[in-house]
Structures are given as structure tokens and as C-alpha cells.
Amino acid sequence: MNSLNQVEEERQKSRATFAWRFRRNKLAIVGLTVVSICLFIAAFANFLAPTGYDVGDLVDARQNPSWAHIFGTDAVGRDYFSRILYATRTSILVAGGVSAITFTVGITLGTLGGYLGGWVDQVVVRIIEIATGIPTLLVAMFIMGFLGHDLHNVILALGMSGWVVETRITRGQFLAFREREFVIAAQAIGASRLRVCLRHIFPNIVPILAVLLAFQIPAVIFAEAGLSFLGLGIDEPVPSLGKMVSTSLAYVRVYWHMGLFPSLMIAIITMGFTFMGDGLRDALDPTMNRES
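On a predicted model such as this, the values are computed, not experimentally measured, just so you know.

## Examining the overall build of the protein
When you go through the protein residue by residue, the secondary structure sums to 12 helices and zero strands. Reading the helices (α) and strands (β) of the protein from amino to carboxyl end gives α-α-α-α-α-α-α-α-α-α-α-α. For the C-alpha atoms alone, the extent of the protein along its principal axes is close to 75 × 45 × 30 Å. Each of the 292 residues in the protein was classed as buried or not, and the buried ones make up 42%. Taking all contacts inside the protein whose residues are at least 6 apart in sequence as the whole, residues at least 24 apart take part in 73%. Accessible area for the protein stands at about 15,200 Å²; split by element, carbon and sulfur atoms hold 66% of it. Here the protein carries 23 positive and 21 negative side-chain charges, and the mean point of each set is 7 Å from the other.

## Quick look at a nonpolar patch on the surface
On the surface, V30, W256, L260, L264, I268 and M271 cluster together into a nonpolar patch covering about 490 Å² of accessible area. No other element matches helix 12 (residues 257-284), which puts four residues into the nonpolar patch.

## A word on the nonpolar core
Side chains that are nonpolar tend, in soluble globular proteins, to be buried together. The biggest cluster of nonpolar side chains holds 46 residues, and the ones touching the most others in it are I84, V94, L158, L241, M265, I269 and F273. Contributing elements (two or more residues each) for this core: helix 2 (26-43), helix 4 (80-116), helix 6 (136-147), helix 7 (151-160), helix 10 (193-229), helix 11 (241-248) and helix 12. Within the second largest apolar cluster, 14 residues are counted, among which are F103, I107, Y115 and C197.

## Thoughts on the layout of surface pockets
By volume, the second largest pocket is sized at about 430 Å³. What lines the second largest pocket is a set of 23 residues, among which T136, S161, G162, W163 and V164 lie closest to the centre. The element contributing the most residues to the lining of the second largest pocket is helix 10, with six residues. In terms of residue class, the lining of the second largest pocket is made up of 15 nonpolar, six polar and two charged.

## So, helix 11
Burial analysis of helix 11 places six of its eight residues in the buried class, which makes it a mostly covered element. Buried residues along helix 11 sit against helix 4, helix 10 and helix 12.

## A closer look at the confidence of the model for the protein
Where the model shows low pLDDT, its predicted coordinates should not be examined in detail. Confidence in the prediction for the protein averages 82 pLDDT; 91% of positions are at 70 or higher. Across residues 288-292, confidence stays below pLDDT 50; counting only partners more than four residues off in sequence or on other chains, it has 10 contacts.

What counts, and at which threshold
- Residues numbered from 1 in each chain as written.
- Predicted model: local features only at pLDDT ≥ 70, side-chain atom pairs only at ≥ 80, totals over all residues.
- Heavy atoms only, no water.
- Helix = DSSP H or I, 4+ residues; strand = E, 2+ residues; numbered from the N terminus.
- Buried < 20%, exposed > 50% of the residue type's maximum accessible area, 1.4 Å probe, protein only.
- Contact = heavy atoms within 4.5 Å.
- Areas by Shrake-Rupley, 256 points an atom, 1.4 Å probe, with all protein chains shown as cover.
- Lys, Arg positive; Asp, Glu negative; His and termini not counted.
- Charge placed at Lys NZ, Arg CZ, Asp CG, Glu CD.
- Patch = residues over 30% accessible without salt bridge, like charges linked within 9 Å, V, L, I, M, F, W, Y side chains within 5 Å.
- Salt bridge = Lys/Arg side-chain N within 4 Å of Asp/Glu carboxyl O.
- Core = buried A, V, L, I, M, F, W, Y, C linked by side-chain atoms within 4.5 Å.
- 1 Å grid on protein atoms, 1.4 Å probe; cavity = no way out; pocket = protein on both sides within 12 Å on 5 of 7 lines; lining within 4 Å.
- Points joined across faces, edges and corners; volume = space filled by probe spheres on them.
- Nonpolar A, V, L, I, M, F, W, Y, C, P; charged D, E, K, R; others polar.
- pLDDT = per-residue confidence, 0-100.

As C-alpha cells, then:
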């Protein structure tokens, strides 16, 4: 029991130290601010956008930025600023949905393999090896071609092809923690397997998973943009940053705004999550004690 109490005290001290280190990292704060703004845009795009994402007028097609349309218009006269706001929502929704799938599958398989061990772990390892040998983009392209091009299918396609990293990390962490003294002490006083997993092991790996999530979201956004760029993403009129970049290639020499602004938005979102992920990683690393 003393061992368990000591672990709880150390956990509380660790949280306070983490918050202090994160606040000292200026780039991490910048990243958190950018991510917060992107989430705000995604949540309130309906109110922030001057027009709907599918409202256009051919008379205003391919206009350069002006006071009437600060980001210009696209090939059918839709306001580009409104389209980018809604496309940001699309990217955040895809990233959140894909992460929910990959973390659910990865944490479940990793926990079963890492904690139970034995033949269960062998099965999980074989599943990981098979999934690793199949190209992620190829799986996503196959699912999209079979199910169709809409938001839900993009999330399903990327989610079902991207859970391997989460499984490996979760399994490795459970293998490391299941032999620790506080876990053995909890088992000795009669704690069930479920309680040991949820109460004593899982809280210790949440910070690592949080860092993984922060780095995974930009990767998912790039993957969705890649599918849209190849013509396998979300169908019109729903906007997507990757699709907007792909569409702009035919006009970018003359209508520069059609490629610049969606590309900048992808870069800003990626930068925000990357800086925040770096800050989380540095704050959780006990060897990091540098001035920011």
C-alpha cells in the first residue's frame, strides 16, 4: 500500500513539473495557440465565413484577392476565404475521426498483447507484422475506391490503415510497466486485471500517447490532403485543403491565390501541432531542463 501511495504522490509531482516545463517552452505555447485558433475556426466556421462553402457566382470566377473577397474566388466564383475556413473544419474533423479510430484499435490491441502476454501477444505481433507489410496509402485508396468519396469514408479509410504505431507503442509500454513494483503490489492486494490496467498502468502511458497524438494529427492532415490531391478524397462541394491545392495547379501561374492560401493553411495547422508535440515531448522528458 505504501508503494501505491508513493506512486500517486510521484504522479502528482510529475504533473506539476510537466505543466511548468510546458509553459516555459515558447514554441510550445505558440503551437498551442495556433491549434486553439484552428479548433475555434473548425467549430465556428458557419459564423466566421462570409458565405456558404457552396455559394458561387460565375461572374466572379477566379478573381484575385480584393476587399470583396479577401482571398479571391475559385473557378466557379465561390469565396475562397469561406472555402478555406470550411476546409480547415474538414481537416480537423478528419484528423479527429482518424485518431479516434487508430487510438481505439491500437490501445485495445496493444493492451491485450502487452498485459496478457502469451499466445495473445503472439497473435497481436503477427497482426502488426501483416499490417506493416501492407502500404497504408494503398489500403486507404482501396477502401475509398470501394466505398466512395465522402467525409466518413475518408475517415474510415485512413483510420483502418493507420493504427500500427499506436499498437506498437501501447504494447511496448504495457510490457515495460507490468513488471514494475507498484503493479505487482496492486496485484498482490487483489486488484483485478482491469483495475490494474486502467488505474495503475494506463495513466502512466497517457502522456506518451498524448505526444503521439500531437504528431499524428499533422500526418493525418497530410494523408487526407494527399488523397484529395490524387482525386480520391472528398467529393465536391465539400471543401478540402488538399483538393483545393490540387485544383489550383491548372491555374496557379495566373491565379496564384488558389494555390497559396490552402497551402499556407496546411502549413500553419501542421506547424501548430508539431510545435505543441515538441513541447509535450520535451516537458515529459525528465532529462530536459533547458532555458527556453
